[in-house]
Amino acid sequence: MHLRDTTEEAAFRAELRTWLAETVPQLPPEPDHADWPARRAYEARWQRMLFDAGYAGINWPVEGGGKGASPGEHLIYLEEASAAHAPEVTVGFVGQMHAGPTLIAEGTPEQKAHHLRGILTGEHVWCQGFSEPEAGSDLASLRTRAVRDGDHYVVTGQKIWTSNASVADYCEMLVRTDPDVPKHKGITWLIMPMDLPGIEVRPLVTAVGSAEFAELFLDEVRIPVENRVGDENDGWRVANVTLSFERGTGFVREMLDTQNLMHDLVTIAQATPKGDGTAWDDPGLRRDLGEIAAELDALWAYTKRNVSAGARGGLPMGSGSAFKLSYASVVSRLGDIALRVLDRASLAMDDIGNQPTADQVRGRLHAFAVSLGGGTSQIQQNIIAERVLGLPRER
Ligand SMILES: Cc1cc2nc3c(=O)[nH]c(=O)nc-3n(C[C@H](O)[C@H](O)[C@H](O)COP(=O)(O)OP(=O)(O)OC[C@H]3O[C@@H](n4cnc5c(N)ncnc54)[C@H](O)[C@@H]3O)c2cc1C
């Protein structure tokens, strides 16, 4: 394991840091959290700047249009982008972390030619239509039905928790093409253009007050067979290819941003009057935040270890689950500490007392989502129990 930059990595870091220092301060203020069309436009502009500077698709292979950076350089990118407070990939997440890498690995030459560049430039936004009302943790139970009719699939059913659906151009979607075989064997992976007739998007508002995801109602949507990725009924294997990208470095940028949030909380505590001094005079608070800081440091070290092991072809079994499980716990406890410090200010979704308190409140509410999205904490515990500790399998 190398925890220090190689000569090439140090040069990459220096060049990137200079570019970020010049570029990020020129960006306009970020749009309102709940204004998804504005967020899409803002992020598309940033993504185009990354593309023009050669930083888009940093960890994508060169043949897919990416930079082909080493895993170490990818981590440097995430670290420097977080330190510079560069915009995070939100609406572009599914395209960059799921659909693009899946098409590179499994797509036809036509699918790659049609889709990859639009993802990298930020022109095209993707959403993920995997979960259904009765198929979340047990995803393979999905029931949205696709019936072959000539050179189309006719798709009818319902998806739920589809992030970014209201602003997406394409949906990576799992459908049931054979209901008469064991559930994992009758699934197919399709690319669904979101402007096809028969698609109704009903936004769902979260506790943060923003419609970040939606329900999709599909009524005889005709999807060309050429939009299938992988073979018919081989979609479960392709879906696992898709999800393997998310469980790699999917939450690392967010974890680094949580470190920034923790440092902001220290500043807020130092400025919050309490008794004869400030909230920061409380040794209990300093101890609790010290523990959080140590755990976030440990997660960063764990990430580097995994990336180093992965580069040698030996990513330890269950490491993505262990990271996600620990991170969900830390971010939730940090949120609880933030509410203690903010006291009554935690009831407002606006900044109070000239301090960035709203981010802390949003962080606490977002922690609930972290423990669910990308596989719940209970499911991560099951994976660790069965595949790492070798405990008996769930029936
Ligand atoms: C912010 C966010 C964004 C999301 N974005 C998307 C998206 O873009 N596209 C998409 O398709 N989905 C998305 N999801 C859905 C997400 O994948 C599901 O919420 C998740 O898989 C859990 O499924 P569920 O909500 O149906 O809960 P369920 O599977 O019904 O689980 C309910 C509870 O039972 C527990 N449980 C279930 N099975 C077991 C078991 N075997 N052992 C122990 N406990 C168990 C769970 O841990 C949970 O606490 C998103 C979710 C969130 C929170």
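Up top is the structure.
Okay, so let's go over this structure.

Here is what the cut-offs are and how they apply
Residues numbered from 1 in each chain as written. Predicted model: local features only at pLDDT ≥ 70, side-chain atom pairs only at ≥ 80, totals over all residues. Heavy atoms only, no water. Buried < 20%, exposed > 50% of the residue type's maximum accessible area, 1.4 Å probe, protein only. Helix = DSSP H or I, 4+ residues; strand = E, 2+ residues; numbered from the N terminus. Pairing = 2+ DSSP bridges. Axes fitted to C-alpha atoms, helices over the stretch in contact; angles between N-to-C directions. Parallel < 35°, antiparallel > 145°, perpendicular 65-115°, else oblique. Contact = heavy atoms within 4.5 Å. Nonpolar A, V, L, I, M, F, W, Y, C, P; charged D, E, K, R; others polar. Near = heavy atom within 4 Å. Polar contact = N/O pair within 3.5 Å; in protein donor to acceptor, adjacent residues only side chain to side chain. Areas by Shrake-Rupley, 256 points an atom, 1.4 Å probe, with all protein chains shown as cover.

**Focus: the pairing of strand 4 (residues 170–176)**
Step number 1: Most of strand 4 is tucked away: seven of the seven residues are buried.
Step number 2: The alternating pattern of strand 4 places Tyr 170, Glu 172, Leu 174 and Arg 176 on one face and Cys 171, Met 173 and Val 175 on the opposite face, and all of these are buried.
Step number 3: Judged from the four bridges that link them, strand 1 (residues 126–129) and strand 4 form a sheet pairing that is parallel. If you follow Gln 128 over to strand 4, its bridge partner there is Glu 172.

**Examining unusual backbone geometry**
Step number 1: Positive phi outside glycine occurs at His 85, with the angle close to 55°.
Step number 2: Position of His 85 among the secondary structure elements: in the loop between helix 3 (71–83) and helix 4 (93–106).
Step number 3: We classify His 85 as exposed; its relative accessible area is 52%.
Step number 4: The phi dihedral of Asp 343 is positive, around 55°, even though this residue is not glycine.
Step number 5: Tracing the backbone shows Asp 343 in the loop between helix 9 (319–342) and helix 10 (357–370).
Step number 6: A residue is classified by how much of its surface remains accessible, and Asp 343, at 53% relative accessible area, is exposed.

**Things to note about the packing of helix 3 against helix 8 (residues 283–311)**
Step number 1: Axis separation between helix 3 and helix 8 bottoms out at 9 Å; the angle between their running directions is 155°. Compared by their axis directions, helix 3 and helix 8 come out roughly antiparallel. Residues Pro 71, Gly 72, Leu 75 and Glu 79 of helix 3 form the contact with helix 8, whose own contacting residues are Trp 300, Thr 303, Lys 304, Val 307 and Ala 311.
Step number 2: Here the contact of helix 3 with helix 8 is composed, by residue class, of five nonpolar, two polar and two charged.

**A look at the site of the ligand**
Step number 1: Close to the ligand lie 18 residues, the nearest being Ser 131, Ser 137, Trp 161, Thr 376 and Gln 378.
Step number 2: Phe 130 is positioned with one of its backbone polar atoms (N or O) 3.0 Å from an oxygen atom of the ligand.
Step number 3: When the ligand sits alone it has 970 Å² of accessible area, and the protein chains cover 68% of it.
Step number 4: When residues of the shell around the ligand are traced back to their parent elements, those giving at least two are strand 3 (152–163) and helix 11 (377–388).
Step number 5: Class assignment for the residues of the shell around the ligand results in six nonpolar, ten polar and two charged.

**Concerning the pairing of strand 5 (residues 187–193)**
Step number 1: Most of strand 5 is tucked away, with seven of its seven residues classed as buried.
Step number 2: Every second residue of strand 5 is oriented toward a common face, with Ile 187, Trp 189, Ile 191 and Pro 193 on one face and Thr 188, Leu 190 and Met 192 on the other, all of them buried.
Step number 3: In the sheet, strand 4 pairs with strand 5 via seven bridges, with the strands oriented antiparallel. Counted as the bridge partner of Cys 171 is Met 192 from strand 5.
Step number 4: Relative to strand 8 (residues 228–229), strand 5 runs antiparallel, the two being bridged by two bridges.

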